[in-house]
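Below, each chain spelled out in residue letters.
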Amino acid sequence: MTDEQREDREEFERCADFHGHVCPGLAVGYRAAKAGMAWLRQHRAEDEEMVAVVETDACGVDAVQVLTGCTFGKGNLIHRDYGKQAFTLLDRTTGKGVRLALKGGALALDDEHRVLLRKIREGTATEEERETFRHRHRRKCDQILAAPFEMIFSLEPVDVEPPAGAIIEDSVPCEACGEPTMPSKMVESAGRRLCRGCL
Ligand SMILES: [Zn+2]
Ligand SMILES: [Zn+2]
């Protein structure tokens, strides 16, 4: 194993530790984050002002968070609920970056794998089927990690309006529960300013 391969494996293991399991979706996020960061490095030096825009809220986002350091808490992880395995990394100051989208079929499971997945979700899989599933899942994951990037992803430079930074505002009490709430997140209902939890 070369130093680079060893480093790759360690990075992937860090993602798996954070995510809690190894799965094909995690491998997808891993490949996208690595390629996106390499692209940013190639096109500019700094990535301190990086923002990640993710179009899924599934497994892959955990790899993106570990590798890019973009998190919800820092306000530089933005979720667009499009249900697509697509990830954009960009420079907040310029709005320039790259969008990486999984190609059709790249994550497709064969019939046997799909049946096993269904049985596991339904809780009807035998121990032997669970073992087979783990094996198949790991193999799919390895395939995604080893595939030539352009075979499984499309890569497109983007130049967008830089996303706004985190908003800091003074909380006000919700008029129903009394809990301090960001005014911009509150909703007016029958003359009262309410948090969305109470609405
Ligand atoms: Zn997963
Ligand atoms: Zn409330």
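Everything here concerns the structure above.
Calculation notes
Residues numbered from 1 in each chain as written. Chains lettered and ligands numbered in written order. Predicted model: local features only at pLDDT ≥ 70, side-chain atom pairs only at ≥ 80, totals over all residues. Helix = DSSP H or I, 4+ residues; strand = E, 2+ residues; numbered from the N terminus. Buried ≥ 20, exposed ≤ 12 C-beta atoms within 10 Å, placed from the backbone. Contact = placed C-beta atoms within 7 Å. Axes fitted to C-alpha atoms, helices over the stretch in contact; angles between N-to-C directions. Left-handed = near helix turned anticlockwise from the far one by under 90°. Pairing = 2+ DSSP bridges.

## Description of the overall build of the protein chain
So, step 1. Secondary structure summary: the protein chain contains 6 helices and 9 strands in total.
So, step 2. Taking the principal axes of the C-alpha coordinates as reference, the protein chain spans close to 60 × 50 × 30 Å.
So, step 3. Residue burial in the protein chain is summarised as follows: out of 199 residues, 28% are buried.
So, step 4. Pairs at least 24 residues apart make up 60% of the contacts formed inside the protein chain by residues separated by at least 6 positions.

## Examining the packing of helix α2 (residues 24-43) against helix α3 (residues 60-68)
So, step 1. Orientation of α2 relative to α3, taken along the N-to-C sense of each, is 35°, at an axis distance of 6 Å. Read as a crossing pair, α2 and α3 show a hand that is right-handed. Packed against α2, whose contacting residues are Gly-25, Leu-26, Val-28, Gly-29, Tyr-30, Ala-32, Ala-33, Lys-34 and Met-37, the element α3 presents Gly-60, Val-61, Asp-62, Ala-63, Val-64, Leu-67 and Thr-68 at the interface.

## Notes on the sheet that holds strand β5 (residues 153-159)
Through backbone hydrogen bonds, the strands of a sheet pair up, either in parallel or in antiparallel fashion.
So, step 1. One open sheet accounts for 5 strands, arranged β2-β1-β3-β4-β5; its pairing is mixed. Each edge of the sheet is formed by a strand with only one pairing partner; in this case those strands are β2 (77-79) and β5. For this sheet, the mean inter-axis angle between neighbouring strands, taken without regard to orientation, is 20°.
So, step 2. Bridge analysis of strand β4 (residues 96-102) against β5 gives 7 bridges, and the strand direction is antiparallel. By the bridge assignment for β5, Val-98 is matched with Pro-157.
So, step 3. The strands touched by α3 are β1 (50-54), β2 and β3 (86-91); relative to β1, the strand with the most contacts, the crossing angle is about 175°.

## With respect to unusual backbone geometry
So, step 1. Residues other than glycine seldom take positive phi values, yet Ala-190 does so here, at roughly 45°.
So, step 2. Take Ala-190: it is sitting in the loop between β8 (187-189) and β9 (192-194).

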